[in-house]
Amino acid sequence: MLTPLDPNDLPAVLEICKAAMPNDEITADILLEKTFASQGAERAFHRGYRGTDGHLSALIWAASFESTAGRMGGIRILAVRPQDQRKGIGTLLLKPAEAYCWASGAAKIWMMAMPGNYLTAGIDASYLGSLAFVESVGYVHTGTAHDYACDLSILHETATRLRERVPNEFKIRRATFRERSRVINSAKLLIRGAEEEIECALRRTPPGVFLCLCAKQLVAFIAIEGNNPGTGSIGPLYVCKEYRRLGIGRALILEGMKDLYSRGYHKSLLPWTAPILSDFLYRELKARKVRTGLIFKKSSS
Ligand SMILES: CC(C)(COP(=O)(O)OP(=O)(O)OC[C@H]1O[C@@H](n2cnc3c(N)ncnc32)[C@H](O)[C@@H]1OP(=O)(O)O)[C@@H](O)C(=O)NCCC(=O)NCCS
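Residues numbered from 1 in each chain as written. Predicted model: local features only at pLDDT ≥ 70, side-chain atom pairs only at ≥ 80, totals over all residues.

**Student:** When you look at the overall build of the protein in this model, what are you seeing that I'm missing?
**Tutor:** Helices and strands together make up the secondary structure of the protein, namely nine helices and 13 strands. Its C-alpha atoms give the protein a radius of gyration of 20 Å, near enough to 19 Å, the size a compact globule of 301 residues would have. For the protein, the spread of C-alpha atoms along the principal axes amounts to about 65 × 35 × 35 Å. Looking at the protein residue by residue over its 301 residues, the buried ones come to 45%. If you take every contact in the protein between residues at least 6 apart in sequence, the share linking residues at least 24 apart comes to 70%. (Helix = DSSP H or I, 4+ residues; strand = E, 2+ residues; numbered from the N terminus. Rg over C-alpha atoms; globule rule 2.2 N^0.38 Å. Buried ≥ 20, exposed ≤ 12 C-beta atoms within 10 Å, placed from the backbone. Contact = placed C-beta atoms within 7 Å.)

If you want it as structure tokens, here you go:
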């Protein structure tokens, strides 16, 4: 039987997600951020599947969002308990969730990689069953997301050395919550879909957003823990086109890492990282690739 989820279901949802996605770090706080505490949660589509004994054994959470390419649908979470897989429950949950996304005007549906507030950046490349499932229900592999982890103990030496390379006219500083509208409006224009992460990061104490300004103009920003609280995540990061290759991106990453360190973290995570940064991450920050996620989408036509 399919029924809407209730906040009281979250402990059971956590158990299902941990069992179904064993390589992903999922906590109660993260799940709350993806579900009932997410922006527009009241308009999202969610269903749980209960067997005859009434126990929750699978769930789906879907929503629609505005991207640079128009309205999109996103399956943020789809998880079936391992012992209940291969019984048609995933397909049963997916059908009404997709109908909801198409009815909202979505041109495409993103699977397990919903920009703005994602549980995981794509499906972990080791989840062979999940990959076979999404292909069987019409999703197409469109990209690959790489997550990197950095040990923060190397930070002081590296930060001082690299910071000096940003030209003097650029000033990097922490954003204040009072600047919320300005920062969110700029982010919407520059990297649409990232607003929820920026809002989330701005609400942390102290705010987890750093800005790079040139003559008072906002030219770049980075959010710290905008997504997946407790994992030490860094991003989104954006540098306006005309200011790239000046070292601003790496200075912002380092600023974010310092911020995480001061919040008590020993490790930072850079999820869904731009491939052009991989050399810098390996070379200067001794980063390790900790996850490869495959991005799948389905088109309406
Ligand atoms: C990715 C991005 C943030 C980089 O910002 P940036 O300020 O141009 O980056 P930096 O100048 O600090 O470059 C740092 C390192 O990244 C690599 N790099 C950056 N741009 C590169 C490019 N176009 N080609 C090859 N390597 C590149 C280099 O290793 C560089 O170090 P180097 O200059 O010593 O060789 C920027 O291109 C951007 O905003 N892109 C769009 C949004 C995005 O993809 N965000 C990242 C999500 S994680």
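Picking up after the structure, the text goes on.
**Student:** How should I be thinking about the environment of Ala223 in this particular structure?
**Tutor:** Mapped onto the elements, Ala223 comes out in strand β10 (residues 217-224). Taking the number of C-beta atoms within 10 Å as the measure of exposure, Ala223 has 29 and is therefore buried. Here Ala223 is in contact with Glu197, Ile198, Ala201, Gly208, Val209, Gly235 and Pro236, once residues within four sequence places are set aside.

**Student:** Explanation requested: the environment of Ala121 in the structure shown.
**Tutor:** By secondary structure assignment, the location of Ala121 is in the loop between β5 (108-111) and β6 (123-124). Residues Ala121 and Glu169, spaced 48 residues apart in sequence, show a C-alpha to C-alpha distance of 35 Å.

**Student:** Help me understand the site of the ligand in this model?
**Tutor:** In the vicinity of the ligand there are 18 residues, among which Arg244, Gly249, Arg250, Ala274 and Phe280 approach most closely. A breakdown of the residues in the shell around the ligand according to their chemical character gives ten nonpolar, four polar and four charged. (Near = placed C-beta within 6 Å. Nonpolar A, V, L, I, M, F, W, Y, C, P; charged D, E, K, R; others polar.)

**Student:** What is the right way to read the packing of helix α6 (residues 180-190) against helix α7 (residues 195-202) from this model?
**Tutor:** In helix packing, the relevant descriptors are the interaxial angle and the interaxial distance, both defined with respect to the helix axes. α7 packs onto α6 with a crossing angle of 155° between their chain directions and a minimal axis gap of 9 Å. Relative to α7, the element α6 lies roughly antiparallel. As α6 runs across α7, the sense of the crossing is right-handed. Packed against α6, whose contacting residues are Arg180, Val183, Ile184, Ala187 and Lys188, the element α7 presents Glu195, Ile198, Glu199 and Leu202 at the interface. Looking at the contact of α6 with α7 residue by residue, the class counts come to five nonpolar, no polar and four charged. (Axes fitted to C-alpha atoms, helices over the stretch in contact; angles between N-to-C directions. Parallel < 35°, antiparallel > 145°, perpendicular 65-115°, else oblique. Left-handed = near helix turned anticlockwise from the far one by under 90°.)

**Student:** In this structure, what is going on with unusual backbone geometry? I would like to understand it.
**Tutor:** With the exception of glycine, most residues fall at negative phi, and the peptide bonds are largely trans. Across the junction of Thr205 and Pro206, the peptide omega takes the value -10°, indicating a cis bond. Considering the arrangement of structural elements, one finds Pro206 in the loop between α7 and β9 (209-214). With omega at 5°, the peptide bond leading from Gly235 into Pro236 counts as cis. In this fold, Pro236 is placed in strand β11 (residues 234-239).

**Student:** Any chance you could explain the domain arrangement of the protein here in plain terms?
**Tutor:** According to the domain assignment, the protein contains domain 1 (2-138) and domain 2 (148-292). The centre of domain 1, based on its C-alpha atoms, is set 28 Å off from the matching centre of domain 2. Among the elements of the structure, α2 (28-34) and β3 (56-67) are those that each provide at least two residues to the side of domain 1 that touches domain 2. In terms of residue class, the side of domain 1 that touches domain 2 is built from six nonpolar, six polar and five charged. (Domains from an automatic or database assignment.)

**Student:** Explanation requested: the nonpolar core in the structure shown.
**Tutor:** Considering soluble globular proteins, one finds that nonpolar side chains tend to be buried as a cluster. With 48 residues, the main nonpolar core has Leu59, Ile60, Ala62, Ala79, Ala97 and Met111 as its most contacted residues. No other element matches the seven residues that β3 contributes to this core. Among residues more than four places away in sequence, those in contact with Ala79 are Ile16, Cys17, Ala20, Met21, Ala58 and Leu59. (Core = buried A, V, L, I, M, F, W, Y, C linked by C-beta atoms within 7 Å.)

**Student:** When you look at the sheet that holds β10 in this model, what are you seeing that I'm missing?
**Tutor:** In a beta sheet, neighbouring strands are held together by backbone hydrogen bonds and run either parallel or antiparallel to one another. Read across the sheet, four strands follow the order β8-β9-β10-β11 without closing on themselves; strand pairing throughout is antiparallel. Each edge of the sheet is formed by a strand with only one pairing partner; in this case those strands are β8 (170-174) and β11. Sheet twist, expressed as the average angle between the axes of neighbouring strands with direction ignored, equals 20°. Bridge analysis of β9 against β10 gives six bridges, and the strand direction is antiparallel. Bridge pairing in β10 places Val209 opposite Ala223. Its contacts with the sheet place helix α8 (residues 248-262) against β8, β9, β10 and β11, and it is angled at close to 40° to β10. (Pairing = 2+ DSSP bridges.)

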